[in-house]
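Observations on the three-dimensional arrangement
Each chain, letter by letter, is given below.
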Amino acid sequence: MKSWIALLRGVNVGGHRKAPAAELRVLLAEMGFAEPRSLLASGNLVFGAEGTTAGELERRLEAAFSERMGLDTDVMVRSPEDWTAAIAANPFRVEAEREPSRAFVMALKSAPAAAEIAALKASIAGWPEQVEVVGREAFLVYPNGAGTSKLTNALIDRKLGTRGTARNWNTTRKLRAMVAPSG
């Protein structure tokens, strides 16, 4: 049985789009996924599934959340190997280790084109924030915190032409530990 990480976009943030972790775990179990677990209350799920792809899991989860919970949200699914590769690819490891709550990995629905990445970088020129994109992950550093930054999800989505959901470095590492082989 293969493990998977599912990241829901924009749930339980600021009291909006409620999706209690317990309800999400029950739904995954009812869908036949093995050992559904959650991390924090912000749409981080780990579960087992056989014979499928990340894209198929995204479609199934998005449909189930919409139909059964009335929750229309994007879901980004990554395998443990994908997540490990993203962690290894982080160009901001020093910043992530120094201030893990200000360094983020944003899982994207699709890999943006070079021109879209360049457009995002050009739009933040002179800002303290830093952005790099590797494949389907954007790496973000918010030296003054993300809460008041102009580098918002809406700006990132618009410039990259795809949607994503970000997790800080602490959460990123905890998710990796949840899918790491035991032993």
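Please refer to the structure higher up on the page.
Residues numbered from 1 in each chain as written. Predicted model: local features only at pLDDT ≥ 70, side-chain atom pairs only at ≥ 80, totals over all residues. Heavy atoms only, no water.

Looking at the sheet that holds strand S8 (residues 164–168)
Taken together, 4 strands build an open sheet; the order of strands is S6-S7-S5-S8 and the sheet is antiparallel. Because the sheet does not close on itself, it has two edges, and the strands there are strand S6 (130–134) and S8. When strand polarity is set aside, the average angle formed by the axes of neighbouring strands in this sheet is 20°. Examined bridge by bridge, S6 and strand S7 (residues 137–141) share 5 bridges and lie antiparallel to one another. (Pairing = 2+ DSSP bridges. Helix = DSSP H or I, 4+ residues; strand = E, 2+ residues; numbered from the N terminus. Axes fitted to C-alpha atoms, helices over the stretch in contact; angles between N-to-C directions.)

A word on the nonpolar core
Leu-8, Phe-33, Phe-47, Leu-61, Phe-65 and Val-77 are the most contacted members of the largest nonpolar core, which totals 21 residues. At the level of elements, strand S1 (2–8), helix H1 (21–30), strand S3 (44–49), helix H2 (54–69) and strand S4 (75–78) are the ones that each hand at least two residues to this core. Beyond its immediate stretch of four places on either side in the chain, Phe-33 contacts Leu-28, Phe-47, Gly-48, Ala-49, Leu-57, Arg-60 and Leu-61. Leu-39, Trp-83, Ala-107 and Trp-169 belong to the second-largest nonpolar core, a separate cluster that totals 18 residues. (Core = buried A, V, L, I, M, F, W, Y, C linked by side-chain atoms within 4.5 Å. Buried < 20%, exposed > 50% of the residue type's maximum accessible area, 1.4 Å probe, protein only. Contact = heavy atoms within 4.5 Å.)

Quick look at the sheet that holds S1
The antiparallel open sheet is built from 4 strands, whose spatial order is S2-S3-S1-S4. Only two strands of the sheet have a single partner each, and these edge strands are strand S2 (34–39) and S4. Strand-to-strand twist in this sheet, taken as the mean axis angle between neighbours without regard to direction, amounts to 25°. For S2 and S3, the ladder comprises 4 bridges, and the chain directions are antiparallel. Looking at the pairing, Arg-37 lines up with Val-46 of S3. Across the sheet, H1 is in contact with S1, S2 and S3; its angle to S2 comes to roughly 160°.

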